[in-house]
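What the coordinates show
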Amino acid sequence: MMNHFMVLAVLLPLRTCYTTYAQQESIVFPVTYLNISKDLALQRLLVEWDVGKIAHDAELAMSFEIQVRRTDENTTVWIEFHNVTLDKSGKPLHWIWHSDLPLECMSHSVRIRSKAEASKIWSQWSLWETVLGLDTSNNSGPQIFPSEKIVEEGSDIALCCIGRKGQIIKEFFIVPAIKVFSHTNSQVGLLTLKNVAHQEVPHITVYCQESCNEEQCYDHAVFFVGKPPDTPNDFSCQTQDMRLVTCTWSRGGDTYLYGRHSPKYTLFEEFSQKVVPCTVSCSEQCSCSWDAGQQRICNITVTVENPLGKKAATDVFDITHRIYPAAPFQMWEECTDTEITLYWKHRNKGIELFCQTEVVHPDGKVELHNSSDTHLDYASTTMGGLQPYTEYTARVHCGAAKHFWRWSEWSEARTIRTKEATPSGKLDIWREITPVLGGRNVTLFWKQAPSFRANGRSISYEVTWEKVEDGSKPESISCSSVCNSTRISIDNHSYIISIMAKNNVNYSLPSVLIIPRATGNSMNTKELKEEQVNGTDNGIFISWEPGHIYDSYIIDWCNFPMLQPCDLQWKRFGPNTSSALINSAAFVPGVRYNFHIYGSVANRPSLLEKKTGYLRELPPLSDPTVEKVELTFNAVTLFWDYQLTNKSGFVKGYHVYMSPIQENCSLKGSKKHVLPDGSVLCKYTIKNPEEKRFTVKHLLPNTKYKLVVKAYTGGGETPIVNFRYIDTPFNSNMLYLLVLLVIVPSLVAAICRWKMKWVKECCCPVIPSPNKSKALSFKEFKMGSEKVLKISDCIPDVLAVDNKAVAQKSHPWNQLSSTPTEDKIDGHNSSRVYPNDNEEGDFTPTPTPQTHTWFENFAYSSHLAVESDPYQIPETLEGRKPELSEMLYQPHYYFEIFNEDAASTPRETSGRKTSLRYISQTAVHCLGRRL
């Protein structure tokens, strides 16, 4: 029974809650009160409303829908749902809305409706509650808003211009012109700027004009673009005397706002809740100082603020732990030749300090000396191990010995010179010996060795020399501090020379050098050959053959070999050294430097080796001079002259370049060398610099060549610019061969041709054509169609008569016809005269046959019968085809029929049938005239 009551007691409240929640689903709670106000400074609307007192004890979760509208816009510009739990206190609800447009530009209205969060039914909207803008006021002219003229860089800004009632905004624009979103609605003009940048627009000028032109129709405003201040960095506070506290911090970046808009700093002490009474000053950093009095623990906050925002930084500290001492002052010193004691005063009375002294040596080395300060009026520290007569720079700073915070500023730097002392170390000395008549001139050189120190203000040098053998009185001279060499004259004996440096305190230890007795060839016992050495990027490398008897080695050379004096230099090396890299700022490429290597035993140097070399070899300064050229048809031998000394490098040999004029070279045994212009030369290399001749073979005869001879060193050779030209002669062997192969066969052919012609003329003469005879040019008569020459018109030189057999025997290959015929011409009989077959006619042939003409023999028969030959028996014959026979004539003689030895009787003649032929040459006697 008891359990049932307990269950019922629990269920009854649950039922009551359930009933209340179910009722809330249908209950509507309308807004009974709504009020709007505006905050122009922050450009926001403050909304307050109430839904009346809830008539039950339970809390109620409510939802509210809030709408914001501007008077010139039909649409809602903002909608927001606001959830809140109401209690039975009945306090009004609040909501804040930030406007993107200045609230002055136009009127804004707000309305709200509500519902229980568990319900789905909204209440009715409340009436619009409106706050008026200046667009409803009676302005005296156009106005531009917002009124605050500071714009944050990177932000968006909305501007408006409100005109007077009855006026329309005609123009609303920005200078300089930047991208804006504009909207003008009769009386109100709007401009929106996005992401304003200071680099582009440090300030903005806005202009507004109504539709009229009077002065009151215009307005303008200037807006500055800036940044909020940065948070103060490195903010800390410290003290020098535990009363005056100074706080410092970095000022941050530029805000681009100046004057009354520049950042303002404020310091506030949290423990005392007081503003720190100090004036902030900012240059490289900001600082502020004030008297802390007896306060030891401080909590200081620095705040920086400008119209766009503010930032803060805090420092909490114990003043006794923030001691920053003042810099030491009134410094003085006491010193010896190796120590300096430095004194100073400080302003931090009653504070134990720890000080540090910085000493800077002449070579830049820095030493730090620590010391503890006392409560006396001054402090001091002693620095030892210093060099005599040397300048040092010293300064001091201090810090708190307890709760060290930081060093003070450095005191002023003080330059201190230690006192003089005896020169330390020895001078490094050397000599140059020149033989003269009766003795030698010795030039002595000295320099301060690395271990030598003058240790004094004024230094001079004393040179002493005396003979070694007889112990005569020494001689000496003094030289000023500016000298580093002197010359003395000695005889050929051995001498000991010493040089000392002297200051106001004492002499240095002497540097000794022994000059040995002169020999026949000066100081050298033998002539040494110079060896070539190579240069590197850092100097000239020298090596030598060491000897165990020497306690040191010396190398000397001239920095300027071509000058007098040559600036003699030397270096010393230990007994275990056998090589060195000699370098000098005076070394230049292309200059030959000579080095002498000496070994020294007990200050007695002797020459060991000679070296010569270049820092870097250059091409020769000049080319070899070709003095002689020997030419053959297929080779050329060149002779040249060239001096191998005083050049810009070691001459290693020669290059001979050669090529035909008209073409590139490809001679056997050569290498191709391509010039910058692309032409190819034949290159020959002579690797012996002593060789002064060279023969180029395999040339072509009767060809023009260009050639040049170049010397080369380790630095190469000079560019090829000028050539020498040669012409190879004709090949005489080829000429002889040409004679043998061309001229001799031609002569043989010509002789053979001439002989053949002579044989032909002798054996087979050319038969003359009657038509070509001059006889036909004389008067003639015709018998039918034939021309007949009168015998009275022409007297032939020779008339030859032979028979057919003789003619055939003489020229068997030229026979025309062997059968005589008889022709009847004008009633006359033509006959042939036949000589006796047994008789031979003796005829003398002429060397050159002339043109021949055959004549009809009847005219000669009648003529001969009367005048010449009583033995001739005329017969009438017909001779259409005369036979060819040999006709021979003798000039200026009448013809003969037979010669004396071969004449035949008439009987014999008549007994043989013969043929008579008459031959007329070009040169015949006709009527006493030469034709």
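Residues numbered from 1 in each chain as written. Predicted model: local features only at pLDDT ≥ 70, side-chain atom pairs only at ≥ 80, totals over all residues. Heavy atoms only, no water.

Whenever strands of a sheet pair, they do so through backbone hydrogen bonds, lying parallel or antiparallel. Strand order across the open sheet formed by four strands is 19-18-22-23, with antiparallel pairing between neighbours. One side of each edge strand has no neighbouring strand; the edge strands of this open sheet are strand 19 (274-275) and strand 23 (309-318). Direction of pairing for strand 18 (residues 264-269) relative to strand 22 (residues 297-306): antiparallel, over a ladder of six bridges. Across the sheet, residue Glu269 finds its bridge partner in strand 22, namely Ile300. (Pairing = 2+ DSSP bridges. Helix = DSSP H or I, 4+ residues; strand = E, 2+ residues; numbered from the N terminus.)

This next bit is on unusual backbone geometry. Along the chain, Phe145 connects to Pro146 via a cis peptide bond; the corresponding omega equals 15 degrees. Mapped onto the elements, Pro146 comes out in the loop between strand 8 (143-145) and strand 9 (150-152). Looking along the chain, the bond that leaves Gln564 and enters Pro565 is cis, with omega of -5 degrees. Among the structural elements, Pro565 can be located in the loop between strand 40 (552-558) and strand 41 (568-573). A positive phi angle is found at Asn195, which is not glycine, with a value near 50 degrees. Position of Asn195 among the secondary structure elements: in the loop between strand 13 (188-193) and strand 14 (203-210). With a relative accessible area of 54%, Asn195 lands in the exposed category. (Buried < 20%, exposed > 50% of the residue type's maximum accessible area, 1.4 Å probe, protein only.)

Now for the side chain of Thr357. Inspection of the secondary structure puts Thr357 in strand 26 (residues 353-360). Given the relative accessible area of 0%, Thr357 is considered buried. Among residues more than four places away in sequence, those in contact with Thr357 are Leu342, Trp344, Glu367, Leu368, His369, Thr381, Met383, Ala394, Arg395 and Val396. (Contact = heavy atoms within 4.5 Å.)

Next up on the list: the state of the cysteines. Simply put, disulfide is the name for a covalent bond between the sulfur atoms of two cysteines. Summed over all chains, the structure comprises nine disulfides. Paired through a disulfide, Cys161 and Cys208 show a sulfur-sulfur distance of 1.8 Å. Handedness here is read from the sign of the S-S torsion; for Cys161 and Cys208, about -85 degrees, the answer is left-handed. In this pair, Cys161 is assigned in strand 10 (residues 157-162) and Cys208 in strand 14, connecting sequence segments 47 residues apart. Of the residues examined, Cys161 reaches a relative accessible area of 0% and is grouped as buried. Its relative accessible area of 2% is what places Cys208 among the buried residues. In this model, Cys558 is linked to Cys566 through a disulfide, with the two sulfur atoms separated by 2.0 Å. (Disulfide = S-S within 2.5 Å.)

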